[in-house]
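Remarks on the overall topology
The lines below spell out each chain.
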Amino acid sequence: FFYRALLFSGMRETNREVIEINGAKPVAFKLLLQYIYTGKISLRNEREESLIDLLGLVHQYGFVELQRSISNYLESILDLKNVCQIYN
């Protein structure tokens, strides 16, 4: 929904060749783009930090099912080593 509005609703970004996405970390944004284009994403090979960044992006842009999947995955890998990082 966000990108549709951004690109087709007459916002200033509609006519630009380059659109800046502020606040998105490159690894997380790359994962999101992979999901957008393929409908698939592998969470197992990613660091918790990247998954938390990705979780913020999918929440921001309204990918509800992906948000649920990432949350469930983070919950499934929760342990003493990563609980503080995931909690924050």
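Our structure is the block above this text.
Here we summarise the structure given alongside this text. Every value quoted in this text rests on a predicted model; they were computed, and no experiment measured them.

Criteria and cut-off values
- Residues numbered from 1 in each chain as written.
- Predicted model: local features only at pLDDT ≥ 70, side-chain atom pairs only at ≥ 80, totals over all residues.
- Heavy atoms only, no water.
- Salt bridge = Lys/Arg side-chain N within 4 Å of Asp/Glu carboxyl O.
- Helix = DSSP H or I, 4+ residues; strand = E, 2+ residues; numbered from the N terminus.
- Buried < 20%, exposed > 50% of the residue type's maximum accessible area, 1.4 Å probe, protein only.
- Phe/Tyr/Trp six-rings, centres within 6.5 Å; stacked < 30°, edge-to-face > 60°.

1. Some details on the pattern of salt bridges
Going through the model one piece at a time under the given rule, you end up with 2 salt bridges. Between aspartate 53 and lysine 25 there is a salt bridge whose closest N-O contact spans 3.9 Å. Within this pair, whereas aspartate 53 is found in helix α3 (residues 48-61), its partner lysine 25 is found in the loop between α1 (2-8) and α2 (26-38), the two being separated by 28 residues in sequence. In this structure, the salt-bridge partner of arginine 47 is glutamate 49, at a minimum N-O distance of 2.9 Å. Look at arginine 47 and you get exposed, because its relative accessible area is 54%.

2. Some words on the packing of aromatic side chains
The final tally for this structure, using the stated rule, is 1 aromatic pair. Residues tyrosine 35 and phenylalanine 63 carry aromatic rings whose centres are separated by 6.1 Å and whose planes lie at 80° to one another, so their mutual orientation is edge-to-face. Residue tyrosine 35 is located in helix α2, and its partner phenylalanine 63 is located in the loop between α3 and α4 (64-76); the two are separated by 28 residues in the primary sequence. Using a relative accessible area of 22% as the deciding quantity, one classes phenylalanine 63 as partly exposed.

Read these as geometric descriptors, not functional statements.
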